[in-house]
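Results of the structural survey
Next come the chains, spelled out residue by residue.
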Amino acid sequence: MTEKKKIQVMENIYDENKRIAEEINSDLTRKGIFCVNIMGSPGAGKTTSIIHLIGRFKKYTPFVIEGDIESDLDTQTLNKLGVKTVQINTGGACHLDAPLVKNAVPQLGADKKGILFIENIGNLVCPAEFVIGEHIKVLVSTVTEGSDKPYKYPLAFEKAGALILNKTDLIPYLDFDLDYFTKGFRALNPTAPLFMVSGKTGEGFAEMAEWLE
């Protein structure tokens, strides 16, 4: 009787993505470009936060890669502001990956030190699972989403190198428990700075722009 042997073959499906992300990161580092992966739900204020931050930079040139399932509305807005921006449309995919970013970076023509924002697809799940060449992940959350988000979507809050809590000017009008929100965030992430901002008034963005620079 032939002896049967069970062979387990394991390969990390993220290995190729990780390899390309490391290439992107090394290339950007060599050029003096700091890369920020902006994550958050649809409507959290990702593009608004980018606009407020780049308007307050004093030292470095901003660049943007805009990720959307469809359309280039945000790219049009940023281009009108004079910000060099490249569009990526995934056509349905719920996150950006490193190969998509690798194809987009050369289109920026970035030839000077700066800060590159990559606005990921509006989603609190998939973008947190993938590295795309960034030096830091920044999560944009908002008080209108509710104070339970760190408990429901822990990976995004755990991976964040900084957290933007947007629309804080609406706290007096909402049932938002800031202590509960902060406790959940700190249980997952004790060290990342939390910036409380208002996309409408611009409050809080100067401090974050200084921190990034």
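Preceding this paragraph is the structure being described.
**What about unusual backbone geometry?**
Even without glycine at this site, S71 takes up a positive phi of about 75°. In this structure, K167 takes a positive phi of about 65° despite not being glycine.

**Some words on the sheet that holds strand β6 (residues 162-166)**
A sheet is described by the order of its strands in space; here seven strands give the open sequence β3-β2-β4-β1-β5-β6-β7, paired in parallel fashion. Of all strands in the sheet, those with a lone pairing partner are β3 (84-89) and β7 (194-196), marking the two edges. Strand after strand, the sheet turns through a mean of 20° between neighbouring axes, direction not considered. Bridge analysis of β6 against β7 gives three bridges, and the strand direction is parallel.

**Quick look at the pattern of salt bridges**
Counted by the stated rule, this structure contains eight salt bridges. Note that R19 is salt-bridged to E23, the shortest N-O span being 2.5 Å. One end of the pair, R19, and the other, E23, are both in helix α1 (residues 15-31), four residues apart, so they sit about a helical turn from each other. Between D27 and K31 there is a salt bridge; the shortest N-O distance is 3.4 Å. In this pair, D27 and K31 are both assigned in helix α1, four residues apart and thus about one turn of the helix distant. Overall, the relative accessible area of 22% leaves D27 in the partly exposed class. When its relative accessible area of 35% is taken as the criterion, K31 is described as partly exposed. Shared partners join several salt bridges into a network, and the residues in it are E16, R19, E23 and K102.

What counts, and at which threshold
- Residues numbered from 1 in each chain as written.
- Predicted model: local features only at pLDDT ≥ 70, side-chain atom pairs only at ≥ 80, totals over all residues.
- Heavy atoms only, no water.
- Pairing = 2+ DSSP bridges.
- Helix = DSSP H or I, 4+ residues; strand = E, 2+ residues; numbered from the N terminus.
- Axes fitted to C-alpha atoms, helices over the stretch in contact; angles between N-to-C directions.
- Salt bridge = Lys/Arg side-chain N within 4 Å of Asp/Glu carboxyl O.
- Buried < 20%, exposed > 50% of the residue type's maximum accessible area, 1.4 Å probe, protein only.

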